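Listed here are the chains, written in short residue letters.
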Amino acid sequence: MWRLRRAAVACEVCQSLVKHSSGTKGSLPLQKLHLVSRSIYHSHHPILKLQRPHFRTSFQQFSSLTNLPLRKLKLSPIKYGYQPHRNFWPARLAARLLKLRYLILGSAVGGGYTAKKTFDQWKDMIPDLSDYKWIVPDIVWEIDEYIDFEKIRKALPDSEDLAKLAPDFDKIVESLSLLKDFFTTGHKLVSEVIEASDLLLLLGSPGETAFRATDPGSESDKPYRKVSDKEKIDQLQEELLHTQLKYQRILERLEKENKELRKLVLQKDDKGIHHRKLKKSLIDMYSEVLDVLSDYDASYNTQDHLPRVVVVGDQSAGKTSVLEMIAQARIFPRGSGEMMTRSPVKVTLSEGPHHVALFKDSSREFDLTKEEDLAALRHEIELRMRKNVKEGCTVSSETISLNVKGPGLQRMVLVDLPGVINTVTSGMAPDTKETIFSISKAYMQNPNAIILCIQDGSVDAERSIVTDLVSQMDPHGRRTIFVLTKVDLAEKNVASPSRIQQIIEGKLFPMKALGYFAVVTGKGNSSESIEAIRDYEEEFFQNSKLLKTSMLKAHQVTTRNLSLAVSDCFWKMVRESVEQQADSFKATRFNLETEWKNNYPRLRELDRNELFEKAKNEILDEVISLSQVTPKHWEEILQQSLWERVSTHVIENIYLPAAQTMNSGTFNTTVDIKLKQWTDKQLPNKAVEVAWETLQEEFSRFMTEPKGKEHDDIFDKLKEAVKEETIKRHKWNDFAEDSLRVIQHNALEDRSISDKQQWDAAIYFMEEALQARLKDTENTIENMVGPDWKKRWLYWKNRTQEQCVHNETKNELEKMLKCNEEHPAYLASDEITTVRKNLESRGVEVDPSLIKDTWHQVYRRHFLKTALNHCNLCRRGFYYYQRHFVDSELECNDVVLFWRIQRMLAITANTLRQQLTNTEVRRLEKNVKEVLEDFAEDSEKKVKLLTGKRVQLAEDLKKVREIQEKLDAFIEALHQEK
């Protein structure tokens with residue numbers, strides 16, 4: 001009881017000391033204590049046992065844990081006993097009291113230092129928000145102009161007032177004096193005070209007390225157990241892994257908060273809350289340069305050395321899954337065992353307020369947080385791939401450009417290539433394997449391209465094809481990053497885990513790389529979300545033997561670390577090579593400009609698009625000039641063209657059969673019947689065809705005729721193609737035939753000739769028609785019988801045997817016509833027999849059909865000559881026509897027929913001319929505009945139609961200038977960001 005009261009008094013004294021030193025925590029290390037204080041400690045004291053060297057670890061370049069401090073590691077619990085009683089109790093008591101002083105002061109100093117160090121470390125982890133200073137209103141930076149800080153300083157209490165708030169050191173001295181009085185109270189009282197001081201010592205070291213209190217090994221009821229070194233190492237490794245994962249979660253939480261903050265800032269700027277105009281991001285500027293380069297240099301020649309991240313791998317190795325994990329969305333089409341990537345896909349990753357995707361040539365945004373938009377995006381990519389693949393091929397070299405934006409995405413440009421295959425399966429083109437190899441080599445041979453080599457970890461490494469290809473392109477591994485996918489399946493199926501380590505380190509096969517990574521891209525279910533795959537990947541590596549046994553390092557796992565590594569490597573390569581590329585394009589531009597000045601000094605540098613616009617204006621001007629053709633010219637060419645088309649039918653089927661009748665009544669009746677049949681069935685259609693052909697001829701004449709010195713033959717192919725396509729699309733109005741039929745029928749029924757002038761015009765028209773037919777007939781007969789004696793003597797020509805037979809037959813038939821000039825058009829059978837026997841008597845063997853053919857031409861010539869003679873007689877017959885040929889032997893019904901035909905032609909030509917000028921020319925102009933618009937959207941058509949050295953030189957010069965300007969702007973922005 002007495003001992004308890006003494007201990008209580010000692011505790012009150014000690015509590016008074018602790019009370020005046022409140023606010024200090026921690027303990028001073030034993031090495032910093034006074035020499036006397038250390039001398040009274042036994043060598044087996046717990047404080048000495050708990051000291052150990054600090055655990056140091058280092059992380060490589062791409063670890064996400066390099067900036068985080070490790071928490072204090074725990075050791076195995078060890079039980080210790082009490083120290084033996086010392087005889088020098090005054091010295092021991094003084095040392096304990098001095099230790100209390102050092103504990104209080106050391107805790108204050110050490111706690112402050114620890115707090116400052118922790119604050120500095122967390123401050124380094126906070127993202128740099130200097131780029132967002134513009135968010136803070138300007139009034140904050142000018143607050144000193146509105147607030148008088150000097151007045152506030154004077155209003156604050158002075159140093160004397162603040163000193164009053166400090167602890168009362170006099171009372172502390174009094175407490176120490178009071179404690180000194182207890183030194184004379186006896187040995188038992190001192191022992192109780194010493195025990196109380198031991199208790200205060202433990203309370204002064206809260207971390208150590210808590211460690212011993214919570215550790216079950218410190219309880220007195222458990223026996224002492226020595227911990228082996230192997231168990232300590234295992235425990236340290238386990239605690240290190242848990243600490244890394246803990247701090248990685250903290251880092252991810254901070255990054256998530258940073259994403260939300262940046263997203264909020266960007267959203268506010270999009271809504272116009274802040275009216276500062278944001279500049280285009282670096283990665284977007286760089287992506288535009290690559291897009292222009294892909295158009296300029298589709299074959300990826302040596303001039304295109306700008307960095308890209310080229311993703312290559314065997315088919316079904318997990319390339320698409322890795323890319324989707326980096327892009328944080330399932331954006332690529334999938335198929336079980338089927339080749340889905342049929343053409344290169346350039347994916348530009350950049351940061352933005354919303355997780356969206358859009359194509360280079362489209363304004364539609366796909367919201368990657370919505371499943372329906374994701375499905376639509378995958379379908380669109382698949383359609384574009386199949387569109388790029390030509391008929392008979394399986395893969396294409398044409399690139400699909402896609403931009404993906406979202407909060408927290410690493411800025412880079414990736415190119416997903418078709419998977420490398422070993423054998424060509426059914427349904428593939430025979431050259432598919434070679435085509436994929438050539439496309440992959442074209443991208444990888446760029447000396448600044450970063451090769452992201454994807455290897456399937458679930459299959460034997462010896463079966464990989466892509467590793468040999470990558471080793472050929474980058475034998476030293478200076479720009480290759482190796483990624484082993486499906487590590488979960490590999491660890492499960494591989495008997496020796498060290499085999500995975502050999503694959504990662506490149507020891508299993510001769511392949512060098514800049515970095516080696518192991519990732520898990522899901523459980524094989526395509527419906528898994530990206531978040532679920534991330535959680536599964538983190539959980540797998542947390543429990544994986546690869547990390548626990550140090551086969552893999554922490555920075556070599558997870559797609560997140562891979563994304564950071566690829567992004568850092570990409571931007572490092574960009575900064576090292578972009579200025580050199582800009583200089584090379586400057587030299588190329590200078591060479592092209594010099595070549596243009598030497599070859600085309602007086603011409604402007606017009607590329608295909610500009611040349612097409614110029615040709616488009618010329619073509620439209622020519623179509624407009626088509627509407628300015630005079631009506632007289634239209635009617636003349638229409639009437640002439642229509643007569644050339646129908647003259648044979650009029651002479652052969654209407655005039656000749658009617659003229660062979662015996663009287664005028666029969667002649668007129670035959671003519672009326674045949675004209676009616678002709679008008680109902682053929683004439684309107686023939687007229688429309690003639691009008692359309694006339695319009696085409698005039699349109700072609702305006703399009704193709706040279707324009708003097710201003711004519712540029714570079715447009716000839718384009719104009720010809722526009723003309724043919726326009727004619728193909730143009731269709732005449734179907735209602736034109738019905739209205740034209742009525743007009744033509746009425747014109748042919750009119751037999752009245754009003755004056756002598758019309759009569760003479762009809763006779764002139766008839767003579768021209770008959771003379772043209774007579775000339776054609778004589779040419780036919782000349783070809784049939786051969787050259788006459790004059791040509792045979794002058795031009796040394798001879799008749800063939802067949803021509804001799806035709807000539808003898810012609811002579812015999814002409815004798816028969818001279819005997820009977822009014823012979824009908826057909827030979828009787830006895831006349832044919834007579835002609836044949838007469839020829840046989842002269843030794844000429846003929847066939848009856850030959851006699852009929854020869855007779856047809858001979859009689860036709862005889863009839864036309866007779867008709868021309870009759871036409872001359874009818875020149876004076878207008879007087880008899882007015883009296884209806886009463887009391888006259890002259891009948892000129894054939895003149896009236898030709899008058900009716902001539903008037904019909906004039907009325908038809910006038911009607912067609914009105915349709916042309918009022919309707920068809922405008923419709924033709926509309927079709928021309930449509931054709932030009934279609935050609936303007938078809939770049940392949942323009943390349944095909946606008947060709948030549950001049951065009952190609954101007955095209956290259958424009959592209960090089962554009963590339964150089966974009967590169968200069970990108971370099972300037974890159975320097976500003978630094």
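Heads up: these notes are all about the structure in this document. (Residues numbered from 1 in each chain as written. Predicted model: local features only at pLDDT ≥ 70, side-chain atom pairs only at ≥ 80, totals over all residues. Heavy atoms only, no water.)

Moving on, we get to the sheet that holds strand β7 (residues 450-456). What the 9 strands build is an open sheet, ordered β4-β3-β5-β2-β6-β1-β7-β8-β9; its pairing is mixed. Each edge of the open sheet is held by one strand with a lone partner, namely β4 (366-367) and β9 (515-518). The sheet contact formed by strand β3 (residues 356-359) and strand β5 (residues 400-406) spans 4 bridges and is antiparallel. For Phe359, the partnering residue across the bridge sits in β5 and is Leu402. Contacting β1 (309-313), β2 (345-351), β5, β6 (412-416), β7 and β8 (480-485), helix α13 (residues 319-327) crosses the sheet at an angle of about 160° to β6. (Pairing = 2+ DSSP bridges. Helix = DSSP H or I, 4+ residues; strand = E, 2+ residues; numbered from the N terminus. Contact = heavy atoms within 4.5 Å. Axes fitted to C-alpha atoms, helices over the stretch in contact; angles between N-to-C directions.)

Next up on the list: the pattern of salt bridges. Tallied over the full model, the rule gives 37 salt bridges. Where Arg589 meets Glu593, a salt bridge forms, and the shortest distance between an N and an O atom there is 3.0 Å. Within this pair, Arg589 and its partner Glu593 are both found in helix α21 (residues 559-599), separated by 4 residues, close to a single helical turn. Put simply, Arg729 and Asp934 hold a salt bridge, and the shortest N to O gap is 2.9 Å. Here Arg729 is found in helix α26 (residues 716-729), whereas its partner Asp934 is found in helix α34 (residues 893-937), with 205 residues between them in sequence. Shared partners join several salt bridges into a network, and the residues in it are Arg589, Glu593, Glu605 and Arg961. (Salt bridge = Lys/Arg side-chain N within 4 Å of Asp/Glu carboxyl O.)

As a further point, take the environment of Leu417. Take Leu417: it is sitting in the loop between β6 and α15 (432-444). In sequence terms Leu417 and Val311 are 106 residues apart; their C-alpha atoms lie 6.2 Å from each other. Ignoring sequence-local partners within four residues, the contact set of Leu417 consists of Val310, Val311, Val312, Lys319, Thr341, Pro344, Ile439, Ser440 and Tyr443.

Let's shift gears to the environment of Phe570. Secondary-structure assignment places Phe570 in helix α21. Among the residues examined, Phe570 registers a relative accessible area of 0% and is labelled buried. C-alpha of Phe570 to C-alpha of Arg308: the two residues are 262 residues apart in sequence and 7.3 Å apart in space. (Buried < 20%, exposed > 50% of the residue type's maximum accessible area, 1.4 Å probe, protein only.)

Together, Trp789, Trp793, Leu794 and Tyr795 give the surface a local cluster of nonpolar side chains, amounting to about 620 Å² of exposed area. Checked against the element boundaries, Tyr795 lands in helix α29 (residues 789-795). The exposed category is assigned to Tyr795, whose relative accessible area is 55%. (Patch = residues over 30% accessible without salt bridge, like charges linked within 9 Å, V, L, I, M, F, W, Y side chains within 5 Å. Areas by Shrake-Rupley, 256 points an atom, 1.4 Å probe, with all protein chains shown as cover.)

All right, on to the packing of α15 against helix α16 (residues 466-473) then. Across the interface, α15 lies against α16 with an axial gap of 10 Å and an inter-helix angle of 35°. Remark: the crossing between α15 and α16 carries right-handed chirality. Touching Phe437, Ser440, Lys441 and Met444 of α15 are Leu469, Val470, Gln472 and Met473, all from α16. For the contact of α15 with α16, the class distribution of residues is 5 nonpolar, 2 polar and 1 charged. (Left-handed = near helix turned anticlockwise from the far one by under 90°. Nonpolar A, V, L, I, M, F, W, Y, C, P; charged D, E, K, R; others polar.)

Given 3.6 residues per helical turn, the α-helix brings residues three or four places apart onto the same face. The end-to-end C-alpha distance of helix α19 (residues 530-543) is 20 Å, a good match for the 20 Å that 14 residues give at a rise of 1.5 Å each. Among the residues of α19, Ile530, Ile533, Glu537, Phe540, Phe541 and Gln542 are the ones counted as buried. (Expected span 1.5 Å × (residues − 1).)

The biggest cluster of nonpolar side chains holds 101 residues, and the ones touching the most others in it are Leu626, Tyr655, Trp678, Leu695, Trp759 and Ile901. For this core, the leading source of residues is α34, giving 17 residues. When residues no more than four places from it in sequence are discounted, the contact partners of Leu626 are Trp634, Leu695, Glu698, Phe699, Phe702, Val921 and Leu924. By size, the runner-up hydrophobic cluster in this structure holds 68 residues, among which are Leu306, Ala329, Leu402 and Leu967. (Core = buried A, V, L, I, M, F, W, Y, C linked by side-chain atoms within 4.5 Å.)

Attention shifts here to helix α27 (residues 735-749). With 15 residues, α27 should reach 21 Å at 1.5 Å per residue; the first-to-last C-alpha distance of 23 Å fits that figure. Residues of α27 that are buried include every one of Ala736, Leu740, Gln744, His745, Ala747 and Leu748, and no others. Considered in projection along α27, the buried side chains sweep an arc of 160° and stay on one side of the axis. In this fold, the buried residues of α27 make contact with α24 (664-681), α25 (683-704) and α34. (Arc of directions from axis to C-beta.)

Turning next to a negative patch on the surface. Taken together, Glu579, Asp583, Glu965, Asp968 and Glu972 make up a surface patch of like negative charges. Counting only elements with at least two residues in the negative patch, the list comes to α21 and α36 (949-977). Examined against the element boundaries, Glu972 turns out to sit in helix α36. (Lys, Arg positive; Asp, Glu negative; His and termini not counted. Charge placed at Lys NZ, Arg CZ, Asp CG, Glu CD.)

Now for the packing of aromatic side chains. Under the counting rule described, the total for this entry stands at 18 aromatic pairs. Note on Phe540 and Phe541: the rings are 5.1 Å apart at their centroids and 70° apart in plane angle, and the pair reads as edge-to-face. Taking the relative accessible area as the measure of exposure, Phe541 reaches 3% and is therefore buried. Relative to Phe898, the ring of Tyr655 has its centre 5.4 Å away and its plane inclined at 65°; by these criteria the two rings are edge-to-face. Highlighted residues: Tyr655 in helix α23 (residues 631-659) and Phe898 in helix α34, separated in sequence by 243 residues. On the basis of relative accessible area, Tyr655 is assigned to the buried category, the value being 2%. Chaining the aromatic ring pairs together yields one cluster made of Trp643, Tyr655, Phe765, Trp855, Tyr859, Phe863 and Phe898. Above the plane of the ring of Phe612 lies Lys942, whose end atom (NZ or CZ) is 5.7 Å from the centre. (Phe/Tyr/Trp six-rings, centres within 6.5 Å; stacked < 30°, edge-to-face > 60°. Lys NZ or Arg CZ within 6 Å of the ring centre and 35° of its normal.)

Attention shifts here to the pairing of β8. Where burial is concerned, most of β8 is hidden: 6 out of the 6 residues are buried. Covered by surrounding structure in β8 are Thr480, Phe482 and Leu484 together with Ile481, Val483 and Thr485, the residues of both alternating faces. Examined bridge by bridge, β8 and β9 share 4 bridges and lie parallel to one another. Directly across from Phe482, in β9, lies its bridge partner Tyr516.

Moving on to the side chain of Asp416. The topology assignment puts Asp416 in strand β6. A relative accessible area of 0% places Asp416 in the buried class. There is a polar contact of 3.0 Å between the side chain of Asp416 and the side chain of Lys319. With near-sequence residues (within four places) excluded, Asp416 lies in contact with Val311, Lys319, Thr320, Leu323, Phe332, Thr341, Ser343, Pro344 and Val345. (Polar contact = N/O pair within 3.5 Å; in protein donor to acceptor, adjacent residues only side chain to side chain.)

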